[in-house]
Amino acid sequence: MTTLYRRPNALIDRVTHYCAGCGHGIVHRILAELIDELEIRERTIGMAPVGCAVVAYNYLDVDMCEAPHGRTPAVATGIKRARPDAVVFSYQGDGDLAAIGTAEIIHAANRGENITVIFINNAVYAMTGGQMAPTTPDAARSTTTPAGRNPENEGHPLKVAELLSNFDRVAYSERVAIGGPGEIRQVKRALKKGLRTQIEGKGFSIVEVLSPCPVHWRMRPEDAFAHCAGPMSEVFPPGVYKDWEK
Amino acid sequence: MPKTLMTGNEAMAGGAVRAGCRYYYGYPITPQNEVPEYMSRRMPEVGGVFIQSESELAAINMVLGTSAAGKRAMTSSSSPGISLKQEGISYIAGCRLPAVIANVQRGGPGLGDIQAAQGDYFQATKGGGHGDYHLIVLAPSSVQEMADLTTEAFDLADRYRVPVMILADAQVGQMMEPLEWREYSPPDDLPGKDWALTGAKGRPKNLVRSFRMYAEELEEHNRTLQATYARITEQETRWEESGCEDADVVVVAYGSTARTARGLLARGVDGAKLGLLRPITLWPFPTGRIRELAEEGAAFLVAEMSAGQMVEDVRLAVEGRSPVEFYGRMGGIPVTIEEMAAHAGHLSRSNARRSRRAEGAETTGGGR
């Protein structure tokens, strides 16, 4: 009998703390599959952010480190410089990467640190209860934009994949969305490219993943997935913004 | 051994390289720029890494990452920059990582000025960032010590898995003195770094974190930290003293102020027997020795370039057993020998009176 589907070795057999319909579980699984496929489990060092994925290390069976909120790329820089042969990924949410850690991500990208950043954009501060994120779309409601995000007061959402593609030493920048199975296959393809970019020593790579948060979007999980692939993807168009192979 | 003439800041940087530190991350700020400048030249020569980081926050977190990866790393700054690093220092303490952080103090609060000051004593010795933790705080008082204590700081950090701070000031950082580069090799009994992140090859995965989901777990983690601090207090408290055994007045001073205090002892004060106690570790503080001297009847003059910070630790040690006076200057102004002499003389006279009264009470007490 052929095994068609099983838990990846790099994924710990454990119930996650994530809410039903959350995108983190999907990305964790894809990451674990890739760690197995690329045979890098014994040289991977991951960074868990402050936010919903704070205990990502409970699920991924690789060496992992914590970072203060937003400082994730700086800590990843310190690890990668000390262990250039390690495969270092920085797993970050939108508050972590695009608000409190804006300086760290821009300068790690500008230095061309040979790390892979996995940027989970769910357009909300989910861990703290649904406040506005730097990526909350215009007019979207959150607990701190009860009347909807007002660009006059809060500015427009930050477009990270586009922003980082402007730096010469960024090798790869792509945005993908968690939607149906087709989109999820794209997430895996992009993450694999991101890790391969690092393994081949090409420099800084970032994959922005539009990710559902049914609880704070106040949607049923299937609607949240459709929202990711639909309205969210209109605000944040998926696509390759920088590619060292092109 | 031949001597080299160099600044305290360069000696500090050289001391780090001698200790095998190959990773330096920093951000420019006066009066410590000689450190990153030296490191930017030296690190490529020794196969190390130098990054001028985008911020103090990034620098301390690069140190966190490199230390988590099992390598010796350092950052340096001056007062306002050290304030910015406090978040990272708290995480380093919480993650039980070794690290060396140098503060070449300048005047504060706020932007203050760039002259020598000692106003960051509280910040350095009482934690600085959030949560219950301590740094080992070393206070060099010469260019030689800038080199030697910095080298040793890496051993202390590795031995106890704690951040170590070199608390210097603009004076000891900027001045030039001859120093000897003594041979160094790391102690044989340093514990291995089996906790380091290297990739989980042939072992279960390692995890570097301060976070605990449950209160009981976090309390347990804190108990481990506190046990470490108790061990450090027992084993690493250091000071230098001269003439304290029979002194009426013991001057307590650290860093560059201790140099002035040495000048005061050489000058002398009429009718006063002076001693000098110079804490080398500000945390752990030489509480026990100060208490002994207080019990023997010594009064204390604490001199600092601050509004009075270390004096609180002296008072906690003395616990009312004998007089404790403070003299300090602020704003980046050094304390002078003459100013100290006036205070020491006054304290000596009043403490002498106190001893006479005590003697008088003993001799006449029975007849009253």
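Here's what I pulled together on the structure shown here.

Calculation notes
All residue numbers refer to positions counted from 1 along the written sequence of the respective chain. For this description, chains carry letters from A and ligands carry numbers from 1, given in the order in which they are written. The model is predicted, so local features are restricted to residues of pLDDT at least 70 and side-chain atom pairs to those at 80 or more, both for listing and for counting; the totals for chains, interfaces and linings are taken over all residues. In this text, helices come from DSSP runs of H or I with a minimum length of four residues, and strands from runs of E with a minimum of two, each type numbered from the N-terminal end. All radius of gyration figures rest on C-alpha atoms, and the globule criterion is 2.2 Å times the number of residues raised to 0.38. Any residue whose C-beta has 12 or fewer other C-beta atoms within 10 Å is treated as exposed, any with 20 or more as buried, and any in between as partly exposed, C-beta atoms being built from the backbone. We call two residues in contact when the distance between their C-beta atoms, placed using the backbone, is within 7 Å. Paired strands, in this sense, are two strands between which DSSP finds at least two bridges. Inter-axis angles, ranging from 0 to 180 degrees, are taken between N-to-C directions of lines fitted to C-alpha atoms, where helices are fitted over the stretch in contact. Any residue outside Ala, Val, Leu, Ile, Met, Phe, Trp, Tyr, Cys, Pro, Asp, Glu, Lys and Arg is labelled polar, Gly included; the first ten of those are nonpolar and the last four are charged.

### Thoughts on the overall build of chain A
Counting secondary structure elements, chain A contains nine helices and nine strands. Here the C-alpha atoms of chain A give a radius of gyration of 17 Å, agreeing with the 18 Å that 2.2 N^0.38 yields for 246 residues. On the principal axes, the C-alpha backbone points of chain A span a range of 50 × 50 × 35 Å. The proportion of buried residues among the 246 residues of chain A is 55%. If you take every contact in chain A between residues at least 6 apart in sequence, the share linking residues at least 24 apart comes to 67%.

### Topic: the sheet that holds strand 8 (residues 204-210) of chain A
Spatial ordering of the open sheet is given by 9(A)-7(A)-8(A)-4(A)-3(A)-1(A)-2(A)-9(B), a layout of eight strands whose pairing is mixed. The open sheet terminates on both sides in strands that have one partner only, identified here as strand 9 (239-243) of chain A together with strand 9 (207-208) of chain B. Summarising the sheet, strand 3 (residues 87-93) of chain A and strand 4 (residues 116-121) of chain A pair through five bridges and their orientation is parallel. Paired with Gln92 of chain A across the bridge in strand 4 of chain A is Phe119 of chain A. Helix 2 (residues 72-82) of chain A rests against strand 1 (44-48), strand 2 (63-66), strand 3 and strand 4 of chain A of the sheet, and its axis sits at about 175° to strand 3 of chain A.

### Some words on the sheet that holds strand 15 (residues 324-328) of chain B
Residues and elements named next belong to chain B. Within the open sheet, the five strands sit side by side as 10-12-11-14-15. Their pairing is mixed. Looking at which strands have only one partner, the edges of the open sheet turn out to be strand 10 (239-242) and strand 15. Direction aside, the axes of adjacent strands within the sheet are offset by 20° on average. Pairing of strand 10 with strand 12 (residues 274-279), which is carried by four bridges, proceeds in the antiparallel orientation.

### Side note on the interface of chain B and chain A
Taken together, the 33 residues of chain B in the interface contact 30 residues of chain A. For the side of chain B that touches chain A, the elements supplying multiple residues, two or more each, are helix 3 (56-68), helix 4 (79-94) and strand 9 of chain B. Among the elements that take part in the side of chain B that touches chain A, helix 3 of chain B stands out by supplying nine residues, more than any other. Residue classes in the side of chain B that touches chain A are distributed as 18 nonpolar, nine polar and six charged. Judged from the two bridges that link them, strand 2 of chain A and strand 9 of chain B form a sheet pairing that is parallel. Among the inter-strand pairings, Cys65 of chain A is bridged to a residue of strand 9 of chain B, identified as Val208 of chain B.

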